[in-house]
Amino acid sequence: NAGVTQTPKFQVLKTGQSMTLQCAQDMNHEYMSWYRQDPGMGLRLIHYSVGAGITDQGEVPNGYNVSRSTTEDFPLRLLSAAPSQTSVYFCASRGTPKISGANVLTFGAGSRLTVL
Amino acid sequence: GDSVTQMEGPVTLSEEAFLTINCTYTATGYPSLFWYVQYPGEGLQLLLKATKADDKGSNKGFEATYRKETTSFHLEKGSVQVSDSAVYFCALSGVNTGFQKLVFGTGTRLLVSP
């Protein structure tokens, strides 16, 4: 049982390049989300999805796109990278609250992105 | 909107010292409250939670009590170990977001020396 798997772990981009951060979970979780972690700012929600075909914006969605074509995968796309997107990105998922209890998220190990 | 305020770090302690990390929140109604821990190079893991007033969450020797009257959820441990060195995040999930989102504090780094 792998849990939440993120790839790549590290990536360096030049300003204006595009890329996709991959996130996959094998727990049949309906809810998936992307956060970014910046020093002194904690974790901020970028986008989330409550099921396949459904996505919604979080606190800081600008510059990022998501889609949810399957229950397992929730990729995060940077269309035109900017230095302000240098951050550590975490994918997190959650099962049915009645089963998993409250809003308990399972996190991936993170993807560190540097935009030059 | 909902928010969480944590004490600034780093908190530096010697092994076996008593730990308190303060957390206060602003939210409508009765949110669920959480402490997550992030060890170096890893993602966040749930440490403990409480879903209603006066509940006490506990795990691995850590405790936190949901205090509605002071809107607080302070994290405590009686005797810290070097292996407790990590970043600790307080978080809430509330009715304002239909309990769909977690709102995190900025994190408090704990450094424990032998």
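Bear in mind the structure is a predicted one, so any value in this text is a computation, not a measurement.

A.B. asks: Can you walk me through the packing of aromatic side chains in this structure?
C.D. replies: Remark: the centre distance and the inter-plane angle together describe each pair of aromatic rings, the angle taken between the planes. The final tally for this structure, using the stated rule, is 12 aromatic pairs over all chains. Residues A:F107 and B:F104 carry aromatic rings whose centres are separated by 6.2 Å and whose planes lie at 75° to one another, so their mutual orientation is edge-to-face. Here A:F107, found in strand 10 (residues 106-107), pairs with B:F104, found in strand 11 (residues 103-104), and the two come from separate chains. In terms of burial, A:F107 and B:F104 fall into one category: buried. Taken together, a centroid distance of 6.2 Å and an interplanar angle of 40° make the contact between B:F34 and B:Y36 tilted. Using a relative accessible area of 0% as the deciding quantity, one classes B:F34 as buried. Looking at B:Y36, the relative accessible area reads 0%, which means it is buried. Here the aromatic cluster, defined as three or more aromatic residues joined through ring pairs, consists of A:Y35, A:F90, A:F107, B:F34, B:Y36, B:F89 and B:F104. Here A:R94 stacks its cationic end above the ring of A:Y31, 4.4 Å away from the centre of that ring. Just above the ring of B:Y30 sits the side chain of B:K68; from NZ or CZ to the centre is 4.5 Å.

A.B. asks: Looking at this structure, how should I read the interface of chain A and chain B?
C.D. replies: Across the contact, 21 residues belong to chain A and 20 residues belong to chain B. A combined buried area of about 1,500 Å² lies between chain A and chain B, and 59% of that area is made up of carbon and sulfur atoms. A per-residue breakdown of the area chain A buries against chain B is headed by A:L43, A:N103 and A:F107, which together make up 31% of the total. In this structure, the connection of chain A to chain B is made through zero salt bridges. Along the contact surface separating chain A from chain B lie three residue pairs in polar contact (both at pLDDT 80 or more). For the side of chain A that touches chain B, the secondary-structure elements that each account for two or more residues are strand 4 (31-38), strand 5 (42-51) and strand 9 (87-94) of chain A. Per element, the largest residue contribution to the side of chain A that touches chain B is five residues, and it comes from strand 5 of chain A. Counted by class, the side of chain A that touches chain B contains 13 nonpolar, seven polar and one charged residues.

A.B. asks: Explain the confidence of the model for chain B here, please?
C.D. replies: As a general rule, the predicted coordinates of low-pLDDT regions are not to be interpreted in detail. Looking at chain B as a whole, the pLDDT averages 92, with 97% of positions reaching at least 70. Strand 11 of chain B is the least confidently modelled element of chain B, averaging 91 in pLDDT, while strand 9 (residues 75-77) of chain B averages 98, the highest of any element.

A.B. asks: Help me understand the sheet that holds strand 9 of chain B, please; the structure alone is not making it clear to me.
C.D. replies: Hydrogen bonding along the main chain pairs the strands of a sheet, whether they run parallel or antiparallel. Residues and elements named next belong to chain B. Strand order in this open sheet of four strands is 3-9-8-7, and the pairing throughout is antiparallel. The open sheet has two edge strands with one neighbour each: strand 3 (19-21) and strand 7 (56-59). For this sheet the average axis-to-axis angle between neighbouring strands, irrespective of direction, equals 15°. The pairing of strand 3 with strand 9 spans three bridges and is antiparallel. Its bridge partner lying in strand 9, I21 is registered against L75.

Rules of the game
- Residue numbers here run from 1 along each chain, matching the order of that chain's written sequence.
- Chains carry letters from A onward and ligands carry numbers from 1 onward, assigned in written order.
- Local features in this predicted model are restricted to residues of pLDDT 70 or higher, and side-chain atom pairs are both shown and tallied only at a pLDDT of 80 or more, whereas totals for entire chains, interfaces and linings draw on every residue.
- As a rule here, side-chain values come from all non-hydrogen atoms in the structure, and water together with hydrogens is ignored.
- Working definition: a ring pair exists when centres of Phe, Tyr or Trp rings (six-membered ring for Trp) sit within 6.5 Å. Plane angles under 30 degrees give stacked, over 60 give edge-to-face, the rest tilted.
- The numbering of helices and of strands both runs from the N terminus, where a helix is a DSSP run of H or I of at least 4 residues and a strand a run of E of at least 2.
- Note on exposure labels: buried denotes an accessible area under 20% of the residue type's maximum, exposed denotes more than 50%, and partly exposed covers the range between, all computed with a 1.4 Å probe on protein chains only.
- Geometrically, a charge over a ring is one whose NZ (Lys) or CZ (Arg) sits within 6 Å of the ring centre while staying within 35 degrees of the ring normal.
- Contacts were defined at the residue level, with two residues in contact if any of their heavy atoms lie within 4.5 Å.
- For any pair of parts, buried area is found by adding up, for both, the accessible area (1.4 Å probe) each one loses once the two are put together.
- Here, a salt bridge means any Lys or Arg side-chain nitrogen found within 4 Å of an Asp or Glu carboxyl oxygen.
- Counting of polar contacts relies on pairs of N or O atoms within 3.5 Å, with two restrictions inside protein: one atom must be capable of donating a hydrogen and the other of accepting it, and residues adjacent in sequence are counted only when both atoms are side-chain atoms.
- Residue type decides the class: Asp, Glu, Lys and Arg count as charged, Ala, Val, Leu, Ile, Met, Phe, Trp, Tyr, Cys and Pro as nonpolar, and the leftover types, Gly among them, as polar.
- pLDDT measures how confident the predictor is about each residue, on a scale from 0 to 100.
- Pairs of strands are assigned from DSSP output, requiring at least two bridges between the strands.
- Lines fitted to C-alpha atoms define the axes here, with helix axes fitted over just the stretch in contact, and angles between the N-to-C directions of these axes take values from 0 to 180 degrees.

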